[in-house]
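Fold and contact review
Spelled out from the first residue to the last, the chains are:
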Amino acid sequence: MTRQATHPQTSCAEPEPSSTLRVTAAREAIQAGIEPIQTIERLALRDALGRVLAQQIISPLDVPGHTNSAMDGYAIKGEDLQSSAITNFKLIGTTVAGQPFDGQCQSGECIRIMTGAPMPDGTDTVIMQEQAKLDEKQMVSFTSQHKQGQNVRHAGEDIAKGSSVLEPGRRLTAADLGVMASLGFGEVSVRRKPRVAFFSTGDELRGIGEPLREGDVYDSNRYSLYGMLKSCGVELLDMGVIKDDPDALRQAFQAAAEEADMVISSGGVSVGEADYTKNILQQLGEIHFWKIAMKPGRPLAFGELGETRFFGLPGNPVAVMVTFYQFVLPAIHYLATGKPYRPFTLSAVCDDAIRKRPGRYEFIRGVFTTGEDGELTVKSVGQQGSGILTSMSRGNCFILLPESCAGVNEGERVTIQPFSSLSLV
Ligand code: AMP
Ligand code: MG
């Protein structure tokens, strides 16, 4: 069932030491180690919002179901427009949406028609009311030029009966719910939501409300992880703070793996602590400890605890968020949909000079804005330390500086990844 995560080699052109892994190589290795969820459930249409479709939606109907008017106006036989003998049309009735006209329209006649009303038999053209004059003898004349067939919406023009409307693997949007409702679907099949367990590790971590002793910090990672996971549409299992104690850690990893498809811990994978966590994890599963050529967020552990996928994220609050967005979010997307994640990026003019040496991928927190000239520009938020979490809340995007980038001059174009795109629901 499960596939092993491999440990790909970095290229020899890579200036970082050979034990480090490039960002894209890590993403590929993670995807190769994940088996997408196959379990399906049936849900009422509204409950399926944000869920991953597990069936093809084939239209049982034509939409629109009948050829109808796109305007309020007068329906006529289009050929009459060619006849110089007909200058006035006799008004013989009215039709509105939901009340079809019962009768036939003959040459030289017209029918008052409202938007959405089915085209009466004998008609194929609508003249909008602003271009028509009705006299007291119920005769209608038309101003300006008209074309046969104008202002008519044809049956099946939006969706043809029997055609495929939505494909499996798609995350359902508000518009999708509307489309499925328009086809009469009351229930749909979706994939089960991934279950994700997460916890923080560290003796120095305190919960909110607890007193802080010297050297203690409040556990913030569980809150940012909570927020990021919420916007991934997964089921959450918050396992709290675990002490840097072998038995407590072993128990936490085991309990989490029993409950969840994915386990995420933060802290305990930096050089000073990795050996410690490594020993415990190696007894429980197959875990790789990677050094990734990136900043922030260099250490990362990934692997398997039985059927469960495990991410050991670094403890630094910014590194947690960056590694989550760059590795965990694509992994959750693949787990949930079976489709590779494609990051959403934009090009922007950088208003700052940014110093950087080639060799590692940097994720600079920036603020992008659209200037009065419509040009997208971006500025660094300033301080970029991996403990400066306010850089994530002040920023609205990552400025992506790949391994080969040797710095950015003011006015140069850069690629940005908006934070608002880093959501799966
Ligand atoms: P570690 O990766 O465990 O060595 O932690 C690196 C840094 O991140 C240390 O300064 C930790 O105190 C801090 N840190 C680790 N976990 C958390 C957390 N859950 N909340 C806030 N800071 C943390
Ligand atoms: Mg620690």
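All values derive from a computational prediction rather than experimental measurement.

Thresholds applied
Residues numbered from 1 in each chain as written. Chains lettered and ligands numbered in written order. Predicted model: local features only at pLDDT ≥ 70, side-chain atom pairs only at ≥ 80, totals over all residues. Heavy atoms only, no water. Pairing = 2+ DSSP bridges. Helix = DSSP H or I, 4+ residues; strand = E, 2+ residues; numbered from the N terminus. Contact = heavy atoms within 4.5 Å. Axes fitted to C-alpha atoms, helices over the stretch in contact; angles between N-to-C directions. Near = heavy atom within 4 Å. Polar contact = N/O pair within 3.5 Å; in protein donor to acceptor, adjacent residues only side chain to side chain. Areas by Shrake-Rupley, 256 points an atom, 1.4 Å probe, with all protein chains shown as cover. Nonpolar A, V, L, I, M, F, W, Y, C, P; charged D, E, K, R; others polar. Disulfide = S-S within 2.5 Å. Buried < 20%, exposed > 50% of the residue type's maximum accessible area, 1.4 Å probe, protein only. Domains from an automatic or database assignment. Buried area = accessible area lost by both parts, 1.4 Å probe. Salt bridge = Lys/Arg side-chain N within 4 Å of Asp/Glu carboxyl O. Parallel < 35°, antiparallel > 145°, perpendicular 65-115°, else oblique. Left-handed = near helix turned anticlockwise from the far one by under 90°.

**Things to note about the sheet that holds strand E21 (residues 299-305)**
Read across the open sheet, the seven strands follow the order E1-E19-E21-E22-E18-E14-E17; overall the sheet is mixed. A single partner strand is all that each edge strand has here, and the edge strands are strand E1 (20-21) and strand E17 (235-242). Sheet topology places strand E19 (residues 286-292) next to E21; six bridges connect them, and they run antiparallel. Within the sheet, the bridge partner assigned to Trp-290 lies in E21 and is Leu-300. Set on the sheet, helix H4 (residues 246-259) makes contact with strand E14 (195-201), E17, strand E18 (262-266), E21 and strand E22 (308-313); between it and E17 the angle comes to about 175 degrees.

**Regarding the site of ligand 1**
Close to ligand 1 lie 14 residues; Glu-204, Asp-219, Gly-268, Ser-270 and Glu-273 are nearest. Within the side chain of Glu-273, a nitrogen or oxygen atom sits 2.7 Å from an oxygen atom of ligand 1. Between ligand 1 and Gly-315, the relevant distance is 3.0 Å, taken from an oxygen atom to a main-chain nitrogen or oxygen of the residue. Isolated, ligand 1 exposes 480 Å² of accessible area, and the fraction of that covered by the protein chains is 79%. Residue composition of the shell around ligand 1, by class: three nonpolar, eight polar and three charged.

**Here's the deal with the state of the cysteines**
Evaluated as defined, the whole model comprises zero disulfides. Free of any disulfide, Cys-110 has its nearest cysteine sulfur in Cys-105, 7.1 Å distant. Residue classification places Cys-110 among the buried residues on the basis of a relative accessible area of 0%. Unpaired in terms of disulfides, Cys-232 finds its nearest cysteine sulfur in Cys-397, a separation of 19 Å.

**Let's talk about the sheet that holds strand E7 (residues 109-113)**
Reading across from one edge, E8-E5-E7-E6-E10-E9 is the order of the six strands in this open sheet, with mixed pairing throughout. Bordering the open sheet on either side are strand E8 (125-128) and strand E9 (132-134), each of which pairs with just one other strand. Between one strand axis and the next, the sheet turns by 40 degrees as a mean value, whatever way the strands run. Bridge count between strand E6 (residues 89-95) and E7: four bridges; the pairing is parallel. Considered in E7, the bridge of Lys-90 is made with Glu-109.

**Focus on the environment of Thr-390**
Looking at where Thr-390 falls in the secondary structure, it is placed in helix H7 (residues 390-394). C-alpha separation for the pair Thr-390 and Val-318, spaced 72 residues apart in sequence, amounts to 8.7 Å.

**Some points on the domain arrangement of the chain**
Domain annotation for the chain reports domain 1 (23-38 + 194-337), domain 2 (44-63 + 160-191), domain 3 (68-153) and domain 4 (346-421). Contacts between domain 1 and domain 4 engage 14 residues on the former and 16 residues on the latter. Carbon and sulfur atoms supply 67% of the area buried between domain 1 and domain 4, which totals about 1,300 Å² over both sides. Broken down residue by residue, the surface that domain 1 buries against domain 4 is led by Lys-295, Val-318 and Gln-326, which jointly contribute 39%.

**Some points on the pattern of salt bridges**
In this structure the tally under the stated criterion is 13 salt bridges. Two residues, Arg-192 and Asp-261, come together in a salt bridge whose shortest N-O distance is 3.0 Å. Note that Arg-192 is positioned in the loop between strand E13 (187-191) and E14 and Asp-261 in the loop between H4 and E18, a separation of 69 residues in sequence. Between Asp-219 and Arg-222 there is a salt bridge, with its nearest N and O atoms 2.6 Å apart. Each member of the pair, Asp-219 as well as Arg-222, is classed as buried.

**Topic: the packing of H4 against helix H5 (residues 271-284)**
Orientation of H4 relative to H5, taken along the N-to-C sense of each, is 45 degrees, at an axis distance of 10 Å. Of the possible angle classes, the one that applies to H4 and H5 is oblique. Remark: the crossing between H4 and H5 carries right-handed chirality. The segment H4 lies against H5, with Pro-246, Leu-249, Arg-250, Phe-253 and Gln-254 engaging Tyr-276, Thr-277, Ile-280, Leu-281, Gln-283 and Leu-284.

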